[in-house]
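Inside the fold
The primary structure of each chain is shown beneath.
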Amino acid sequence: MSEGQIAHFRDILHELKQELSGTAAHPHEAPTEAVHPDPGPSPKPGAAFDTRERKLAENVDLALSRIDAGEYGYCDYCGLEIGLKRLEIRPTIILCIDCKTLEDMRERRAAR
């Protein structure tokens, strides 16, 4: 991955971190509240949201530390590069598509 691509993903991750902390603002608005992913159904209002937001924030920090360590964009399992399109969709991802598919298959088998 080129330095420009690394800088691009670092910017994306910093913006996401600001959104999660509630400090990002649209150009024509004052900061109000963080932009949040859909928390989905939860037994207690806000419980799943808090957990998902906290986990995403941890993953953003992990991705930023992987950038600093020169490991960003490489699969944790096989060590091959993760595709740029995959990173654009989910910049905190740590597995290439092949390893993620295998992991999902193992989880489905274990759930049976």
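Residues numbered from 1 in each chain as written. Predicted model: local features only at pLDDT ≥ 70, side-chain atom pairs only at ≥ 80, totals over all residues. Heavy atoms only, no water.

1. Regarding the overall build of the protein chain
In terms of helices and strands, the protein chain carries 4 helices and 0 strands. The long-range share in the protein chain, meaning contacts at least 24 apart out of those at least 6 apart in sequence, stands at 45%. By element, 54% of the accessible surface of the protein chain is carried by carbon and sulfur atoms, the whole surface being about 8,000 Å². (Helix = DSSP H or I, 4+ residues; strand = E, 2+ residues; numbered from the N terminus. Contact = heavy atoms within 4.5 Å. Areas by Shrake-Rupley, 256 points an atom, 1.4 Å probe, with all protein chains shown as cover.)

2. Some remarks on the packing of aromatic side chains
Following the criterion strictly, the structure yields 1 aromatic pair and no others. Taking the centre distance of 5.7 Å and the plane angle of 50° together, the rings of F9 and Y72 count as tilted. A residue pair is termed long-range when its members are at least 10 positions apart, and F9 in helix 1 (residues 3-21) and Y72 in the loop between helix 2 (47-69) and helix 3 (84-89) qualify at 63 residues. Given the relative accessible area of 1%, F9 is considered buried. Taking relative accessible area as the criterion, Y72 reaches 4% and is therefore assigned buried. (Phe/Tyr/Trp six-rings, centres within 6.5 Å; stacked < 30°, edge-to-face > 60°. Buried < 20%, exposed > 50% of the residue type's maximum accessible area, 1.4 Å probe, protein only.)

3. Here's the deal with the side chain of T92
If you trace the backbone, T92 turns up in the loop between helix 3 and helix 4 (97-111). Ignoring sequence-local partners within four residues, the contact set of T92 consists of L13, L56, N59, V60 and A63.

4. Quick word on the confidence of the model for the protein chain
Residues with a pLDDT of 70 or more make up 76% of the protein chain, whose mean pLDDT is 84. Note that residues 25-40 has pLDDT below 50 and, in this model, 17 contacts with residues that lie over four places away or in other chains. (pLDDT = per-residue confidence, 0-100.)

5. Considerations on the nonpolar core
L13, V60, I67, Y72, C75, I82 and L87 are the most contacted members of the largest nonpolar core, which totals 17 residues. Where this core is concerned, the elements lending two or more residues are helix 1 and helix 2. Among the elements that line this core, the one with the most residues is helix 1, at 5 residues. When near neighbours in sequence (up to four residues on either side) are disregarded, V60 contacts L13, L16, K17, L20 and T92. (Core = buried A, V, L, I, M, F, W, Y, C linked by side-chain atoms within 4.5 Å.)

6. Focus on the pattern of salt bridges
Inspection of the entire model under this criterion finds 5 salt bridges. One salt bridge in this structure joins K100 and D104, with 3.2 Å as the shortest N-O distance. Remark: D104 and K100 occur in helix 4; sequence separation between them is 4 residues, near one turn of the helix. With a relative accessible area of 27%, K100 lands in the partly exposed category. Residue classification places D104 among the partly exposed positions, given a relative accessible area of 23%. Members of the salt-bridge network, linked through shared partners, are K100, E103 and D104. (Salt bridge = Lys/Arg side-chain N within 4 Å of Asp/Glu carboxyl O.)

7. Some remarks on the environment of H8
Within the secondary structure, H8 is located in helix 1. On the basis of relative accessibility, which here comes to 35%, the residue H8 falls in the partly exposed class. A sequence separation of 80 residues divides H8 from E88, and the C-alpha atoms of the two residues are 9.7 Å apart.

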